[in-house]
Amino acid sequence: MKLQQKLSLYLVPGLLLLLAADAKLSATEQVAGRTPQNASPARGTSLLPGQLACSGKDELQAAAGQAGPELQGGSELQGGPELTAGESTEEEKRPNVLFIAVDDLACSLGCYGDLIAKTPNIDRLAATGVCFQRAYNQLPLCNPTRASIMTGLRPDQIKVYDLDRHFRDEVPEVVTLPQAFQKAGYFAGRVGKIYHYNVPASIGTDGFDDPPSWMQTINPIGRDKAEESLVFNAEPHRKISGALSWLAAQGSDEEQTDGMIATEAIRLMQSKREEPFFLAVGFFRPHTPYVAPRKYFDLYPLDDLRLPYAPENDRADIPTAAFAHNCPVPNYSLPRPTLLRATQAYYACVSFIDAQVGRLMRALDRLELTENTIVVFWSDHGYHLGEHNGVWQKRTLFEQGARAPLIIRAPGQSGNGTASPRVVEFVDIYPTMTGLAGIQAPDTLAGRSLQKLLENPIADWEGYAVTQILRPADKRLDKPVMGCSIRTERWRYTEWAHGESGKELYDHQADPMEFNNLAVEPDEQATRVMRRLQPLLRKHASGDVPQTPFNPTRL
């Protein structure tokens, strides 16, 4: 097929994504009790994975004018200085980086085909950048995945598998991504959660930070911390940090920690607008407890929500080790109404964070920084909301745990407005950022630059992604087990303890929800695929239980 024909297949449906974002924005405002200006009577249609997004400048500007203060998260600088554009300087020609991280966010976004999510601001960002539809983290747990992203190294290189070990214990001289920008003369600052935090316990502190990475850090603390006693905990025997727990909070966005993070990030962008900056902005939600202002809960009536479908015998062909030790019992044995309320609370947090992202994007526009700022939007890993008959939260090598959002909008890239169906990894983020900024990167990085896909999102790529997770010994497993998984455009192949504790093979062309494990009774094709993928997987993830320290209670 000619390139023009291929592009047309993506660009035509891509126009629908901007319309979907605007329609969702209008619908959300109507739920909140307001009639948006220029509201269209047509409902937007969310795209399915693999479809693309694009928009013209005029359409984007028109759409930006529709957002009302409630959805947008309120005023950007209450009581602060007026936002004004900085003067043009030689330094401004060097691209800024706005590095946005979201905690525990699955691909529960309109731009990823989620028909429930109301995320017009993130959808609009996707419509003006490259939305990577198949992006995968290296280890679906907060500390390891964040350490991997920020160092550009795989877990087996930094020896971080739990929530307690710092990457500098293994690689003390490593140059992190923000350090690379500092060395190139950039200001590097952090607001909120970028490296690991214990949530919610460490909100308002530096958490498990890396001081050499930053020149300035800001750690807001909002009313969500003061109101933890109001949180409903569906599993009282567990802490709210790991239990299905939530609060439909009173008050405004700006009173919540994540609203304060957006406010402080905007202040910092304003104060640093005359010099090149690398600004990392990390939001805490939708990590448990699911806390968001009540208006976001109202966007998701319980009657509109459903639990994910799975065949009755879905678990019969799945190895025991594949199920996370923090969720060994399906659905935590909670009743369906409680699970639906948890789902509502999760999506409420997603829309709350979407509003804060919208505030950041509008601040870039007002400060006239948009045309010279690379925006990176990512979540640390995927997340389960009941898939496979009752899997919740993270720590799995299923598609829902390994896949996570990644959107990059880099000024001047010809691929902006087109989603990419290619398989990429989070270790690719580091070399991509340094390459776009034209600064030096360490030669030890594990990933490769995505610049080729930013220019042409459907270019030949031959990508694959490797994700792993370490299981502790428990009542189900008599010894620790390392699980390793490789994802290609068609296949997912997973080994537990080098296959001794089980194997999984899923054909995503025929089985995108991973219901049929072809490794149990492999036919000739399945055998051939596993034989081909096994050495590639073991090249990047040994599958060995680490000899370096790890805390079994913090895996």
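As shown above, the structure is provided for reference.
First, a word on scope: everything that follows refers to the structure included in this document. (Residues numbered from 1 in each chain as written. Predicted model: local features only at pLDDT ≥ 70, side-chain atom pairs only at ≥ 80, totals over all residues. Heavy atoms only, no water.)

### Some thoughts on the overall build of the chain
Inclusion rule: Note on conventions: DSSP H or I runs of at least 4 residues are helices, E runs of at least 2 residues are strands, and numbering of each starts at the N terminus. Exposure classes here rest on a 1.4 Å probe applied to the protein chains alone. A residue is buried below 20% of its type maximum, exposed above 50%, and partly exposed in between.
Of the regular secondary structure elements, the chain holds 16 helices and 17 strands. Each of the 555 residues in the chain was classed as buried or not, and the buried ones make up 63%.

### Brief notes about the side chain of Gln133
Note the threshold: For the purposes of these results, a polar contact is taken to be a pair of N or O atoms within 3.5 Å, where, inside protein, one atom must be able to donate a hydrogen and its partner to accept one; residues adjacent in sequence count only when each atom of the pair is a side-chain atom.
Relative to the helices and strands, Gln133 is located in strand β2 (residues 130-136). When its relative accessible area of 2% is taken as the criterion, Gln133 is described as buried. Within the local environment of Gln133, its side chain forms a polar contact with the backbone oxygen of Cys111, the two atoms lying 3.0 Å apart.

### So, the sheet that holds strand β17 (residues 503-507)
Counted only if it meets this: Being paired, for any two strands, means DSSP has found at least two bridges between them. Whenever a helix is involved, its axis is fitted only over the stretch in contact; in every case the axis is a line through C-alpha atoms, and angles between N-to-C directions fall within 0 to 180 degrees. Residues count as neighbours in contact if any of their non-hydrogen atoms are within 4.5 Å of one another.
The sheet built from four strands is open, its strands ordered β14-β15-β16-β17 with antiparallel pairing. Of all the strands in the sheet, the pair left with one neighbour each is β14 (465-471) and β17. Across this sheet, the average inter-strand angle for adjacent strands is 10°, counted without regard to direction. Where β14 lies against strand β15 (residues 481-487), seven bridges are found, and the strand directions are antiparallel. Across the sheet, Arg471 pairs through a bridge with Val481, a residue of β15. Relative to strand β16 (residues 491-496), helix α16 (residues 524-540) is tilted by about 65°, and along the sheet it contacts β14, β15, β16 and β17.

### Looking at the packing of helix α4 (residues 120-128) against helix α11 (residues 336-366)
Stated precisely, the cut-off is as follows: Under this scheme an angle from 65 to 115 degrees is roughly perpendicular, one under 35 degrees roughly parallel, and one over 145 degrees roughly antiparallel; angles in between are oblique. Gly is placed with the polar residues, together with every amino acid not listed as nonpolar (Ala, Val, Leu, Ile, Met, Phe, Trp, Tyr, Cys and Pro) or charged (Asp, Glu, Lys and Arg).
Contact geometry for α4 and α11: axes closest at 7 Å, N-to-C directions at 50°. Compared by their axis directions, α4 and α11 come out oblique. Residues Pro120, Asn121, Ile122 and Leu125 of α4 lie in contact with α11, whose contacting residues are Asp354, Ala355, Val357, Gly358, Met361 and Arg362. Here the contact of α4 with α11 is composed, by residue class, of six nonpolar, two polar and two charged.

### Quick word on the pairing of strand β3 (residues 187-192)
In terms of burial, β3 is a largely internal element, six of the six residues being buried. Pairing geometry for β3 and strand β7 (residues 277-283), over six bridges, is parallel. Residue Arg190 lies in a different strand from β7, and its bridge partner there is Ala280.

### Some details on the pattern of salt bridges
The condition is simple: Whenever a carboxyl oxygen of Asp or Glu lies within 4 Å of a side-chain nitrogen of Lys or Arg, that contact is scored as a salt bridge.
For the structure on display, the rule yields 25 salt bridges. One salt bridge in this structure joins Glu425 and Arg154, with 2.8 Å as the shortest N-O distance. A residue pair is termed long-range when its members are at least 10 positions apart, and Glu425 in strand β13 (residues 420-425) and Arg154 in the loop between α5 (142-151) and α6 (155-158) qualify at 271 residues. As far as burial versus exposure is concerned, Glu425 and Arg154 are alike and both buried. Several salt bridges converge on common partners, so that one network encompasses Asp103, Arg146, Lys193 and Asp380.

### Some words on the nonpolar core
How we decide: As used here, the term nonpolar core means buried Ala, Val, Leu, Ile, Met, Phe, Trp, Tyr and Cys residues forming a set that is joined through side-chain atoms within 4.5 Å.
Counting residues in hydrophobic clusters, the biggest one holds 69 residues, and the most contacted among them are Leu98, Leu244, Met269, Phe283, Leu360 and Phe377. A per-element tally of this core places α11 first, with 16 residues. In this structure, Phe377 is in contact with Ile100, Val102, Leu105, Leu109, Ile122, Leu125, Val357, Pro405, Leu406 and Ile407, ignoring residues within four places of it in sequence. The next biggest cluster of nonpolar side chains, apart from the first, holds 45 residues, and it includes Phe181, Tyr195, Trp378 and Ile408.

### Considerations on the environment of Phe181
Summarising the element assignment, Phe181 is placed in helix α7 (residues 177-183). Counting along the chain gives 256 residues from Phe181 to Ala437, while the straight-line C-alpha distance between them is 8.7 Å. With residues up to four places along the chain from it excluded, the contact list for Phe181 reads Val97, Tyr186, Phe278, Met433, Thr434, Ala437 and Ile439.

### What to know about the sheet that holds strand β4 (residues 216-218)
What the eight strands build is an open sheet, ordered β4-β3-β7-β1-β9-β12-β2-β13; its pairing is mixed. Every interior strand has two partners, whereas the edge strands, β4 and β13, have only one. Taken over all neighbouring pairs, the strand axes of this sheet differ in orientation by 20° on average, direction set aside. Across three bridges, the pairing between β3 and β4 is parallel. Bridge assignment links Gly189 to a residue of β4, and that residue is Gln216. Strand contacts of α5: β1 (96-102) and β9 (373-379), with the helix running at about 165° to β1, the strand carrying the most contacts. Strands in contact with α11 are β1, β7, β9 and β12 (406-409); relative to β1, the strand with the most contacts, it is inclined by about 175°.

### Observations regarding α11
Going by this rule: An expected span of 1.5 Å times one less than the residue number is assigned to each helix.
Along its 31 residues, α11 runs 45 Å from first to last C-alpha, staying within 8% of the 45 Å computed at 1.5 Å per residue. Burial analysis of α11 places 26 of its 31 residues in the buried class, the great majority of the element. A positive phi of about 55° marks Glu368, the residue just after α11.

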